[in-house]
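Listed here are the chains, written in short residue letters.
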Amino acid sequence: MDKKEQSLLHFYYEKLVGNTFDEKDLYGFLLVIRNQSKEIRSIQELADFVLQRDQHQGYVKQYLLETKKKFESLGKTKSAFRIEDVFSFKEIKNGLNKALAAVGIEGLSNEQVNDFVTCLISILQQVKIIEDDREIGKLYFALSNKQIILMAEIEVTQNLFKKTNAVFPVLTANNSYVDIKKQDRYDTPYLFVDKVVEVTSEKGKLAVTIPE
């Protein structure tokens, strides 16, 4: 990493630890930390996905299509399956802090990583999921009382004559930003299909703005 890259990385790092980081800073931060993350799959793959969006052909795309296949296998096999995030919060935190440690920068706290993941979720909302040059789904911003979620809605073929949509989480962060009423006792998230949510920094705190 050259001196200019170090300067840029310190700039975005100070915004994160100073609570002035928002979604508009994410692209720049990922660009400079990406070069320190060549052996850190979570950061490398998430950075590539953000930069390439629906043209991405890496691990995140594979994860989405493999999860689609799992839903399509329901009823055809007796095997149960559990859906995990494409990368856990712990993986992302460890990856970021490993990349920062490589250039002598102190690691981020859980709260700071949560801000990073929330911005990541916001940036990735509305990304199309493409298979064989055809749109089969999309990523959406979802919000519950306890969590902020990047949710995938994807077309699933049940048989030759029937298709349906499966909805599942891709990334999650804690919701410490919006006081929102639970929809039900399961805290089913609100899914923002037609609205684009914005994540900004206001008065030293991350703010989630939902358009009317």
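Being a predicted model, the structure only gives us computed values, none of them experimental.

## Some details on the side chain of Gln44
And step 1. Its place among the elements puts Gln44 in helix H3 (residues 41-52).
And step 2. Overall, the relative accessible area of 15% leaves Gln44 in the buried class.
And step 3. Excluding residues that lie within four positions of it along the chain, Gln44 makes contacts with Arg34, Ser37 and Lys38.

## Focus: the pairing of strand E7 (residues 205-209)
And step 1. For strand E6 (residues 198-202) and E7, the ladder comprises five bridges, and the chain directions are antiparallel. Residue Val199 lies in a different strand from E7, and its bridge partner there is Val208.
And step 2. Connecting E6 to the antiparallel partner E7 that follows it, the hairpin turn spans two residues, and Lys203 within it adopts a positive phi of roughly 55°.

## Focus: the nonpolar core
And step 1. Among the nonpolar cores identified, the biggest contains 61 residues, and Ile92, Phe116, Val170 and Leu171 are the most heavily contacted of them.
And step 2. Of the residues forming this core, the biggest block, eight residues, is contributed by helix H6 (residues 110-124).
And step 3. For Val170, the residues in contact, after removing those within four places along its chain, are Tyr63, Leu64, Asp85, Val86, Phe87, Leu139, Leu150 and Ala152.

## Section: helix H2 (residues 26-34)
And step 1. Along H2, the residues that are buried comprise Leu26, Gly28, Phe29, Leu30, Val32 and Ile33.
And step 2. Taken together, the buried residues of H2 touch helix H1 (3-17), H3, helix H5 (89-101) and H6.

## Observations regarding the confidence of the model for the protein
And step 1. With 98% of its residues at a pLDDT of 70 or more, the protein shows a mean pLDDT of 91.
And step 2. The weakest mean pLDDT in the protein belongs to strand E3 (residues 147-159) at 90; the strongest belongs to H6 at 97.

## Structural notes on the packing of H2 against H6
And step 1. Taken N-terminus to C-terminus, the directions of H2 and H6 make an angle of 110°; their axes are 10 Å apart at the nearest point. Compared by their axis directions, H2 and H6 come out roughly perpendicular. Considering only the axes of H2 and H6, their crossing is left-handed. Along the contact surface, H2 presents Leu26, Tyr27, Phe29 and Leu30, while H6 presents Phe116, Cys119, Leu120 and Ile123.
And step 2. The residue makeup of the contact of H2 with H6, split by class, is eight nonpolar, no polar and no charged.

## Here's the deal with the packing of aromatic side chains
And step 1. Evaluation of the coordinates by the stated rule reveals eight aromatic pairs.
And step 2. Ring plane angle 75° and centroid distance 5.1 Å describe the contact between Phe11 and Tyr12, whose orientation is recorded as edge-to-face.
And step 3. When the centroid spacing of 6.3 Å and the interplanar angle of 55° are considered together, the rings of Phe141 and Phe192 count as tilted. Of this pair, Phe141 sits in strand E2 (residues 134-143) while Phe192 is found in strand E5 (residues 190-192), placing the two residues 51 residues apart along the sequence.
And step 4. Judged by relative accessible area, which is 12%, Phe192 ranks as buried.
And step 5. Following the ring pairs from residue to residue traces out a cluster consisting of Tyr63, Phe71, Phe81 and Phe168.
And step 6. The lysine or arginine in question, Arg41, covers the ring of Tyr59, its NZ or CZ lying 4.0 Å from the ring centre.

## Description of the pattern of salt bridges
And step 1. Applying the stated rule across the entire model yields eight salt bridges.
And step 2. The salt bridge partner of Asp25 is Lys15, with a shortest N-O separation of 3.2 Å. Here Lys15 lies in helix H1 and Asp25 lies in the loop between H1 and H2, a separation of 10 residues in the sequence.
And step 3. Put simply, Lys68, Glu72 and Glu131 are held in one network by salt bridges that share partners.

## Observations regarding H1
Two residues of an α-helix separated by three or four positions point the same way, owing to the 3.6 residues in each turn.
And step 1. With 15 residues, H1 should reach 21 Å at 1.5 Å per residue; the first-to-last C-alpha distance of 21 Å fits that figure.
And step 2. Looking at H1, one finds that the buried residues are Glu5, Leu9, Tyr12, Tyr13, Lys15 and Leu16. Projected down its long axis, H1 shows its buried positions confined to an angular sector of 160°, all on one face. Looking at H1, the residues exposed on the side facing more than 90 degrees away from the buried face are Lys3 and Lys4.
And step 3. For H1, the side-chain oxygen to backbone nitrogen distance between the N-cap and Lys4 is 3.1 Å, and the N-cap itself is Asp2.
And step 4. Two residues or fewer past H1, Asn19 is found with a positive phi of approximately 60°.

What counts as what
Residues numbered from 1 in each chain as written. Predicted model: local features only at pLDDT ≥ 70, side-chain atom pairs only at ≥ 80, totals over all residues. Heavy atoms only, no water. Helix = DSSP H or I, 4+ residues; strand = E, 2+ residues; numbered from the N terminus. Buried < 20%, exposed > 50% of the residue type's maximum accessible area, 1.4 Å probe, protein only. Contact = heavy atoms within 4.5 Å. Pairing = 2+ DSSP bridges. Core = buried A, V, L, I, M, F, W, Y, C linked by side-chain atoms within 4.5 Å. pLDDT = per-residue confidence, 0-100. Axes fitted to C-alpha atoms, helices over the stretch in contact; angles between N-to-C directions. Parallel < 35°, antiparallel > 145°, perpendicular 65-115°, else oblique. Left-handed = near helix turned anticlockwise from the far one by under 90°. Nonpolar A, V, L, I, M, F, W, Y, C, P; charged D, E, K, R; others polar. Phe/Tyr/Trp six-rings, centres within 6.5 Å; stacked < 30°, edge-to-face > 60°. Lys NZ or Arg CZ within 6 Å of the ring centre and 35° of its normal. Salt bridge = Lys/Arg side-chain N within 4 Å of Asp/Glu carboxyl O. Expected span 1.5 Å × (residues − 1). Arc of directions from axis to C-beta. Polar contact = N/O pair within 3.5 Å; in protein donor to acceptor, adjacent residues only side chain to side chain.

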